[in-house]
Amino acid sequence: MSKKNFTVARIVTHTQASIGKCERHNERKNESYGNMNVDLERTPMNIHFRDCGRATYNETLDKLVSDGTVSLRGLKKDAKVYDEMILDVNSNYFEKHGGYEFAKRFYEEAYRFVVKVYGEDHILSAVMHADEINLALTEKYGHPVYHYHIHIVALPVVEKQVLWTKRCKDPALVGTVKEVIHQVSHSKKWKSQQVMDEDGKTSLLPSYRILQDEFFRHMQEAGFTDFVRGKRGSDAQHLSSLEYQIKQDAERLKEIQRSIEEKAVQEKATSKIHKTHLEIDHMGKRGITGKVTISKEDFELLAELAKEGISGRGEIQRLKSDCSHLSMQNSDLQSDLKYKEKQLETLVTRCSSYWQASKFEPEKVKAFLDSILEPLRRGEEKQAETILYQKRTVRTQEEKA
């Protein structure tokens with residue numbers, strides 16, 4: 001029974017501060033990659049269905065805000081304003097249907113699906129990666145097999161009605177719509193929905209977890225078949241790119257360990273074919289013309305040794321490649337850890353004076369901080385009251401309607 005092909009659709013969120021790493025990976029702006037499966041010679045084959053030109057993601061967002069196309073009003077500085085959607089089917093699906101050319105048609109249609117989800121004006125980048133090699137299938141088929149998938153970076157935008165407040169000079173306008181803005185808001189874009197599982201139990205899930213169903217249905221209706229919907233609750237749908245890669249590497253490492261164990265058992269079972277260099281050198285008889293004649297038994301033994309040597313070289317090369325890949329990934333994680341440690345060190349340094357002062361004059365420090373923070377807190381309370389008032393007004397209008 002052949003292995004089934006599964007769709008994968010997942011979303012990772014990013015802030016303006018964290019989007020840089022994602023951008024460098026998606027747009028191939030790095031000079032080298034911790035992921036050793038990236039073949040930079042094939043990078044020109046990656047396909048952009050939409051891009052930012054020479055601008056960065058953040059520069060493009062700033063322009064959209066300044067033009068009034070989208071709004072970041074009310075969002076905190078560290079708010080998650082970018083959605084990164086990854087759409088995927090396992091590599092074997094594309095390999096069986098023609099590889100690169102088929103993948104281009106598939107993801108061109110997948111991009112149409114994404115346009116329906118976000119609106120094209122709110123998509124910053126959509127790029128199909130064609131330069132990441134699948135080592136397992138490459139070994140299986142004996143030729144390079146690539147893992148085709150698409151990364152989409154978009155703004156989760158919703159229409160928001162801004163109402164006139166009591167401060168309006170015209171009382172008749174209070175509670176009516178002042179303007180409609182295109183608000184960036186991941187939580188509002190992907191509100192929770194009530195869904196029923198296979199056992200008939202209902203639960204609330206963010207609507208982007210239902211994305212898998214919608215993506216599968218769209219591609220089937222467009223004529224792309226021979227794959228099934230990704231398993232509900234599968235970790236692959238919800239893990240971040242790094243977590244998903246780590247999980248894949250862990251599974252790959254288990255395969256390597258199993259392969260080594262099987263190799264050890266096989267070598268033990270066929271230990272009779274192992275010979276020393278000296279024994280091999282003295283096999284056969286050399287005639288006057290220089291030709292060597294050997295017995296049938298010795299010939300079969302040499303053939304077995306040659307096959308084992310070729311197999312061993314391939315296995316060693318594969319293990320070296322996997323070891324190098326895991327080593328580079330570990331190096332990336334170490335770099336991230338050092339960066340976080342530096343951030344923590346900076347934070348501790350900045351706060352040390354307040355910490356020391358609070359030991360000696362806690363009341364004065366508290367009073368000082370309250371005098372600064374109180375206006376900000378009042379502003380947040382007013383904003384919360386305004387939002388509550390707007391919700392009540394909308395509800396009243398709906399009831400009247």
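Residues numbered from 1 in each chain as written. Predicted model: local features only at pLDDT ≥ 70, side-chain atom pairs only at ≥ 80, totals over all residues. Heavy atoms only, no water.

Student: So what about the overall build of the protein chain? Which residues, and what values?
Tutor: The helix and strand tally for the protein chain stands at 12 helices and 11 strands. By residue count, 32% of the 401 residues in the protein chain fall in the buried class. Sequence-distant contacts, at least 24 apart, represent 70% of the contacts inside the protein chain between residues at least 6 apart. (Helix = DSSP H or I, 4+ residues; strand = E, 2+ residues; numbered from the N terminus. Buried < 20%, exposed > 50% of the residue type's maximum accessible area, 1.4 Å probe, protein only. Contact = heavy atoms within 4.5 Å.)

Student: Please set out the pattern of salt bridges residue by residue, giving values where relevant.
Tutor: Enumeration according to the criterion identifies seven salt bridges in this entry. The partner of Lys104 in a salt bridge is Glu101, with the nearest N and O atoms 3.2 Å apart. In this pair, Lys104 and Glu101 are both assigned in helix H4 (residues 100–118), three residues apart and thus about one turn of the helix distant. Lys104 gets classed as partly exposed once you look at its relative accessible area, which sits at 27%. By relative accessible area, Glu101 is classed as partly exposed at 43%. In this structure, the salt-bridge partner of Arg112 is Glu108, at a minimum N-O distance of 3.6 Å. With a gap of four residues between them, Arg112 and Glu108 both fall in helix H4, about one helical turn apart. (Salt bridge = Lys/Arg side-chain N within 4 Å of Asp/Glu carboxyl O.)

Student: Before we move on, can you summarise the environment of His25 with the specific residues and values?
Tutor: Secondary-structure assignment places His25 in helix H1 (residues 19–26). Looking at His25, the relative accessible area reads 23%, which means it is partly exposed. Sequence spacing of His25 and His151 is 126 residues, and the spatial spacing of their C-alpha atoms is 9.9 Å.

Student: Any details on the sheet that holds strand E3 (residues 80–89)? Residues and values, ideally.
Tutor: Strand order in the open sheet made by the five strands is E1-E3-E5-E4-E2, with antiparallel pairing throughout. This sheet does not close on itself; its edge strands, each paired only once, are strand E1 (7–15) and strand E2 (47–50). Ignoring strand direction, the axes of neighbouring strands in this sheet form an average angle of 15 degrees. For E3 and strand E5 (residues 149–154), the ladder comprises six bridges, and the chain directions are antiparallel. Residue pairing in the sheet places Asp83 in a bridge with Ala154 of E5. (Pairing = 2+ DSSP bridges. Axes fitted to C-alpha atoms, helices over the stretch in contact; angles between N-to-C directions.)

Student: I'd like a rundown of helix H2 (residues 57–66), residues and numbers included.
Tutor: One turn of an α-helix holds 3.6 residues; hence residues three or four places apart share an orientation. Along H2, the residues classified as buried are Tyr57, Thr60, Leu61 and Leu64. One face of H2 carries all of its buried residues, which in axial projection span an arc of 100 degrees. Across from the buried face of H2, at angles greater than 90 degrees, the exposed residues are Lys63 and Ser66. Those residues of H2 that are buried are in contact with H1, E3, strand E4 (123–129) and E5. A positive phi of about 80 degrees marks Gly68, the residue just after H2. (Arc of directions from axis to C-beta.)

Fair warning: the whole summary comes from geometry, so function is off the table for now.
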